[in-house]
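Topology and contacts: notes
Now for the letters of each chain:
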Amino acid sequence: GENVEQHPSTLSVQEGDSAVIKCTYSDSASNYFPWYKQELGKRPQLIIDIRSNVGEKKDQRIAVTLNKTAKHFSLHITETQPEDSAVYFCAASILAGGSYIPTFGRGTSLIVHP
Amino acid sequence: NAGVTQTPKFQVLKTGQSMTLQCAQDMNHEYMSWYRQDPGMGLRLIHYSVGAGITDQGEVPNGYNVSRSTTEDFPLRLLSAAPSQTSVYFCASSYHHRLGGGTDTQYFGPGTRLTVL
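A brief report on the enclosed structure follows. Per-chain numbering applies: the sequence of each chain, read as written, is numbered from 1 onward. Note on labels: chains are lettered from A, ligands numbered from 1, in written order. Where local features are concerned, this predicted model is filtered to residues with pLDDT of at least 70; where side-chain atom pairs are given and counted, the filter is 80 or more; whole-chain, interface and lining totals use all residues. Water and hydrogen atoms were dropped before computing side-chain values, which therefore reflect all heavy atoms in the structure.

1. A word on the overall build of chain B
As a reminder of what qualifies: Here a strand is any run of E in DSSP of at least two residues, a helix any run of H or I of at least four, and the numbering for each starts at the N terminus. What the globule rule says is 2.2 Å times the number of residues to the power 0.38, and the radius of gyration is computed from C-alpha atoms. Working definition: with a 1.4 Å probe on protein chains only, accessible area under 20% of the residue-type maximum means buried, over 50% means exposed, and in between means partly exposed. Note on definitions: a residue-residue contact is assigned when non-hydrogen atoms from the two residues lie within 4.5 Å. Accessible surface is estimated by sampling points in the Shrake-Rupley manner with a 1.4 Å probe; for residues, cover comes only from the protein chains shown.
Each helix and strand counted, chain B has zero helices and 11 strands in total. Across chain B, helices and strands are ordered from the amino to the carboxyl terminus as β-β-β-β-β-β-β-β-β-β-β. Expected size for 117 residues packed as a compact globule is a radius of gyration near 13 Å; at 14 Å, chain B falls within 12% of this value. In terms of its C-alpha atoms, chain B occupies a principal-axis envelope of roughly 50 × 30 × 25 Å. A buried classification covers 49% of the 117 residues belonging to chain B. Of the contacts formed within chain B by residues at least 6 apart in sequence, a portion of 55% connects residues at least 24 apart. When the accessible area of chain B is evaluated, it comes to approximately 5300 Å², of which 52% is carbon and sulfur surface.

Put into structure tokens, the structure is as follows:
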């Protein structure tokens, strides 16, 4: 099955700095890559996603890049703010039975210091 | 729209007890799934369903049963609870993938925190 590795497990930055979280996946059949943010005690929520036919996608201060050849994708957050502090999960998804089945990374705890 | 709802929010069980975690969605999503979240382990898939009457195993299915008799509901049953099943359980749902557009976003419920003594 799919295996997703996510690094780092913890990332501490100063407010205004950039943050980068990296993921690798093993199954070349994966073709949908969402990122979720989970605040303390809350449910995971989608923040951005990218499909295999796209190399980069941006939404305000967050961007995601995908390198299908190398099987890795990354989340970039610029001008970090304290409210960006959360756990971030990447996922690699395979289309099966008409739906995307995601395999999640283990998460990155991002701490933004004011 | 209530979205994805889960009950109960918290539960404490003794080893060997059985219980059912409830999950319901009102978005007419075909796909529903159950995850468990343990510290440092991310979200691991227990079981999933691509439609009423269809279920399949995920990464960590042992000790859990599911059924999908309606589009809206996807209960998770613990047959004989064990301390290793202490975790936070999330239910999630999404649409079938639609070529040329539409969202593949997974919508998560608020979670159930289960402790097995």
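2. A few points about the interface of chain A and chain B
Filter applied, for reference: Two parts placed together each lose some accessible area under a 1.4 Å probe, and the buried area is that loss summed for both. The salt bridge definition used is simple: a Lys or Arg side-chain nitrogen within 4 Å of an Asp or Glu carboxyl oxygen. For the purposes of these results, a polar contact is taken to be a pair of N or O atoms within 3.5 Å, where, inside protein, one atom must be able to donate a hydrogen and its partner to accept one; residues adjacent in sequence count only when each atom of the pair is a side-chain atom.
Contact with chain A, which involves 20 residues of that partner, is made by 22 residues of chain B. Summing the contributions of chain A and of chain B, the shared interface buries around 1800 Å²; its carbon and sulfur component is 57%. Interface area lost by chain A to chain B is led by Arg-43, Phe-104 and Arg-106 of chain A, which between them contribute 27%. Linking chain A to chain B there are zero salt bridges. For the interface between chain A and chain B, the tally reads three residue pairs in polar contact (both at pLDDT 80 or more).

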